[in-house]
Each structure stands twice: as structure tokens, then as C-alpha cells.
Amino acid sequence: MDTQLDAFAAAGIARVFSEKISTRVKARPELEKAIALACELRAGGVRVTLVIHEHKRLGRGSTT
């Protein structure tokens, strides 16, 4: 996790959502929060970029 956070900080990422969960868990509350915030900002006319450190991190048990 530290490596990922360091990479985000170096890239100037403004907000980080993180979770440490089992790969068997299907609910991803932090991912859902990130998507909801992105949708809310986008609806307000703000350009949004959602950054995932590694693609394999996004695919773990994701329901979206």
C-alpha cells in the first residue's frame, strides 16, 4: 500500500480511496464512494480522472 500511496503523491493525486479487503468480498465500499464522488463532481461540470494504481487492483471482486 505504501508504494501505491507514494506513487499517487508523486503524481499529485488529490484524493485517495483505499481498502484492504479479501479477494472474496464482493462489496467494495471505498470503490463505490470514489465512483459516487466522481459522478457527483462530473454532474457539476468538473472534469474527473479516476486513477487506479494497478488494473488488477480494480478487478478484485468488483461489482461495477
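Residues numbered from 1 in each chain as written. Predicted model: local features only at pLDDT ≥ 70, side-chain atom pairs only at ≥ 80, totals over all residues. Heavy atoms only, no water.

(A) Inspection of the pattern of salt bridges at higher detail. Using the criterion set out here, one finds two salt bridges in the structure. The salt bridge partner of Arg 28 is Glu 19, with a shortest N-O separation of 2.6 Å. We classify Glu 19 as partly exposed; its relative accessible area is 21%. The partner of Lys 33 in a salt bridge is Glu 30, with the nearest N and O atoms 2.9 Å apart. Note that Lys 33 and Glu 30 are positioned in helix H2 (residues 29–43) at a spacing of three residues, about one turn of the helix. Exposure remark for Lys 33: the relative accessible area of 46% places this residue in the partly exposed category. (Salt bridge = Lys/Arg side-chain N within 4 Å of Asp/Glu carboxyl O. Buried < 20%, exposed > 50% of the residue type's maximum accessible area, 1.4 Å probe, protein only. Helix = DSSP H or I, 4+ residues; strand = E, 2+ residues; numbered from the N terminus.)

(B) Representation of a nonpolar patch on the surface. Together, Met 1, Leu 5 and Val 16 make up a nonpolar patch on the protein surface, roughly 210 Å² of accessible area in all. Look at Val 16 and you get partly exposed, because its relative accessible area is 36%. (Patch = residues over 30% accessible without salt bridge, like charges linked within 9 Å, V, L, I, M, F, W, Y side chains within 5 Å. Areas by Shrake-Rupley, 256 points an atom, 1.4 Å probe, with all protein chains shown as cover.)

(C) Structural context of H2. Between its first and last C-alpha, H2 extends 21 Å over 15 residues, near the 21 Å set by a 1.5 Å rise per residue. For H2, every residue scored as buried is listed here: Leu 31, Ala 34 and Ala 38. Along the axis of H2, the buried residues cluster in a sector spanning 60°; they form a single face. Opposite its buried face, H2 presents the exposed residues Cys 39, Glu 40 and Ala 43, each directed more than 90 degrees away. Looking one or two residues past H2, Gly 45 carries a phi angle of roughly 90°, positive in sign. (Expected span 1.5 Å × (residues − 1). Arc of directions from axis to C-beta.)

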